[in-house]
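Observations on the model geometry
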Amino acid sequence: MTDFRGLRIGFIGGGNMAGAIIGGLVKSGFSAANMVVSEPFEEARNRLEQQFGVHVTADNAQAIAHQGRAVDVVILAVKPQVMKLVAEGIAPAVQAHRPLVISIAAGITIPDLSRWLLTGAAGAAELAIVRCMPNTPALVVEGATGMFAAPGVSDAQKAMAAAVLESVSKRNYWVANESLIDVVTGVSGSGPAYFFLLVECLEAAGVQLGLPADVARGLAAQTCLGAGRMLEATGEDPAELRRKVTSPKGTTEAALNSLEASGIRGIFVEAVNRATERGAELGQIMGQQ
Ligand SMILES: NC(=O)C1=CN([C@@H]2O[C@H](COP(=O)(O)OP(=O)(O)OC[C@H]3O[C@@H](n4cnc5c(N)ncnc54)[C@H](OP(=O)(O)O)[C@@H]3O)[C@@H](O)[C@H]2O)C=CC1
Ligand SMILES: O=C(O)[C@@H]1CCC=N1
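Residues numbered from 1 in each chain as written. Chains lettered and ligands numbered in written order. Predicted model: local features only at pLDDT ≥ 70, side-chain atom pairs only at ≥ 80, totals over all residues. Heavy atoms only, no water.

Looking at an unreviewed UniProt entry, one finds the protein chain named Pyrroline-5-carboxylate reductase, with Polyrhizophydium stewartii as its source organism. According to the UniProt record, the Pathway (unreviewed entry) comment for the protein chain reads "Amino-acid biosynthesis; L-proline biosynthesis; L-proline from L-glutamate 5-semialdehyde: step 1/1." Per UniProt, the protein chain has the following entry under Sequence similarities (unreviewed entry): "Belongs to the pyrroline-5-carboxylate reductase family." (UniProt positions renumbered as here; feature names shortened; annotations may be inferred.)

Structural notes on the UniProt feature "domain: Pyrroline-5-carboxylate reductase catalytic N-terminal" (unreviewed entry) in the protein chain
Sequence positions flagged by UniProt for "domain: Pyrroline-5-carboxylate reductase catalytic N-terminal" (unreviewed entry) are, in local numbering, residues 8-107. As a span, residues 8-107 carries 38% helix and 23% strand, and end to end its C-alpha atoms are 26 Å apart. (Helix = DSSP H or I, 4+ residues; strand = E, 2+ residues; numbered from the N terminus.)

Notes on the UniProt feature "domain: Pyrroline-5-carboxylate reductase dimerisation" (unreviewed entry) in the protein chain
Under the UniProt annotation, "domain: Pyrroline-5-carboxylate reductase dimerisation" (unreviewed entry) lies at residues 178-282. Each end of residues 178-282 is marked by a C-alpha atom, and these two atoms are 14 Å apart; helix forms 84% of the span and strand 0%.

Some details on the domain arrangement of the protein chain
Once the domains are mapped, the protein chain shows domain 1 (9-178) and domain 2 (191-277). With centres defined by C-alpha atoms, the gap from domain 1 to domain 2 works out at 34 Å. (Domains from an automatic or database assignment.)

Quick look at the site of ligand 2
Around ligand 2 sit Ala106, Gly189 and Ser190, and that is every residue in its neighbourhood. Expressed as a share of its isolated accessible area of 240 Å², the protein-covered part of ligand 2 is 45%. (Near = heavy atom within 4 Å. Areas by Shrake-Rupley, 256 points an atom, 1.4 Å probe, with all protein chains shown as cover.)

Here we look at the pairing of strand β7 (residues 100-103)
Both faces of β7 are covered, namely the face carrying Leu100 and Ile102 and the face carrying Val101 and Ser103. With 4 bridges connecting them, strand β6 (residues 73-76) and β7 associate as parallel partners. Looking at β7, one finds that valine 74 is bridged to valine 101. Summarising the sheet, β7 and strand β8 (residues 129-133) pair through 3 bridges and their orientation is parallel. (Buried < 20%, exposed > 50% of the residue type's maximum accessible area, 1.4 Å probe, protein only. Pairing = 2+ DSSP bridges.)

Let's talk about the site of ligand 1
Taken together, 20 residues sit near ligand 1, with Asn16, Met17, Glu39, Val78 and Ala106 positioned nearest. Between an oxygen atom of ligand 1 and a side-chain N or O atom of glutamate 39, the distance comes to 2.5 Å. The side chain of lysine 79 places a nitrogen or oxygen atom 3.1 Å from an oxygen atom of ligand 1. Here ligand 1, which alone exposes 880 Å², has 74% of that area covered by the protein. For the shell around ligand 1, the residue count by class is 12 nonpolar, 6 polar and 2 charged. (Polar contact = N/O pair within 3.5 Å; in protein donor to acceptor, adjacent residues only side chain to side chain. Nonpolar A, V, L, I, M, F, W, Y, C, P; charged D, E, K, R; others polar.)

Let's talk about the sheet that holds strand β9 (residues 143-149)
Judged by pairing direction, the sheet is mixed, and its 8 strands sit side by side in the order β3-β2-β1-β6-β7-β8-β9-β10 without closing on themselves. Edge strands, defined here as strands with exactly one partner in the open sheet, are β3 (55-57) and β10 (169-174). Averaged over all pairs of adjacent strands, the angle between strand axes in this sheet comes to 20°, irrespective of strand direction. Note that β9 and β10 share 5 bridges and pair parallel. By the bridge assignment for β10, glycine 143 is matched with serine 169. The sheet contacts of helix α1 (residues 16-27) involve β1 (9-12) and β2 (35-38), and relative to β1 the element is tilted by about 160°. (Axes fitted to C-alpha atoms, helices over the stretch in contact; angles between N-to-C directions. Contact = heavy atoms within 4.5 Å.)

Re the packing of helix α4 (residues 110-117) against helix α11 (residues 264-287)
For the pair α4 and α11, the least separation of the axes is 10 Å and the interaxial angle reads 30°. As judged from the angle between their axes, α4 and α11 are roughly parallel. Here α4 and α11 pass one another in a crossing that is left-handed. Touching Asp112, Arg115 and Trp116 of α4 are Gly283, Met286 and Gly287, all from α11. For the contact of α4 with α11, a count of residues per class yields 2 nonpolar, 2 polar and 2 charged. (Parallel < 35°, antiparallel > 145°, perpendicular 65-115°, else oblique. Left-handed = near helix turned anticlockwise from the far one by under 90°.)

Notes on a nonpolar patch on the surface
On the surface, a nonpolar cluster with roughly 210 Å² of combined accessible area is contributed by Leu180, Val183 and Val187. Relative to the elements of secondary structure, valine 183 occurs in helix α6 (residues 180-189). (Patch = residues over 30% accessible without salt bridge, like charges linked within 9 Å, V, L, I, M, F, W, Y side chains within 5 Å. Salt bridge = Lys/Arg side-chain N within 4 Å of Asp/Glu carboxyl O.)

Some words on the pattern of salt bridges
This model, assessed by the stated rule, comprises 13 salt bridges. A salt bridge links glutamate 260 to arginine 265, with the nearest nitrogen and oxygen atoms 2.8 Å apart. What you see here is one network of salt bridges that share partners, running through Arg131, Glu178 and Asp182.

Here it is as structure tokens:
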């Protein structure tokens, strides 16, 4: 099996998600010395340099060819709202060095990205672009990622993209069409926030009913973690695990009946749907620029 840990990787944008992926890559044995991050904010650059030992620069083109050497993979980790500007700016470097491009931006479609990255190109050329949606648990190598490859991406490049994402994600899935990446965004890209909210809610309920805040926080957070670990360790259907907690006419049943009566399932379908639609909408708005 190919060892991808020697890959040279450039990051455009050194924010939350780039930091999470760099942290995961380093934990997985990728060399920080082979990574270069371009980031306009000096404090963020210094933080990344000190924390991980990566090379940093304020010049985006430098993250594609650093000290005269081209990277193998460039990860676009800027907000969707600045992606057009950023992509057009790095277009000459991408066309010259043709790295595998991995975009993690919510909503931005491969056709738009390809068009921006081919700005000024003489004739039609196909770029290797993988669009994916990881999530912040990548920082602790517990990420979940959905990926979609443009037609111009070879099997070897798909393996390279998967190796990068698998180094920070426990679950990595290729999806059948690009629009499903918006659904992945709604389920797992934004998903960690739903679980953090749940912990906040449980903590607040505990406090309201008399527990000290630190105790309520500890119980809620560990219960979230423990439930996740059980899902992983047993491989059982979550519905079955839920049934095992729920004694007939007991306390869990009382709580679950309350949640069902409040329409918990519909609430989540609606929330994921809203996130999915927002992803598609962001792509549409940015693509029209
Ligand atoms: N956060 C998450 O959970 C997830 C986010 N994503 C996607 O990842 C992308 C990044 O999100 P996130 O990390 O949260 O956002 P951040 O704002 O934390 O990171 C984006 C970084 O890009 C920098 N930046 C801004 N303009 C430029 C530029 N012209 N050239 C280079 N860098 C620039 C920003 O600097 P400055 O702050 O100075 O503007 C910032 O540090 C988004 O597209 C998002 O959709 C995907 C999965 C999960
Ligand atoms: O909220 C967002 O738009 C990004 C994409 C997925 C998680 N955070």
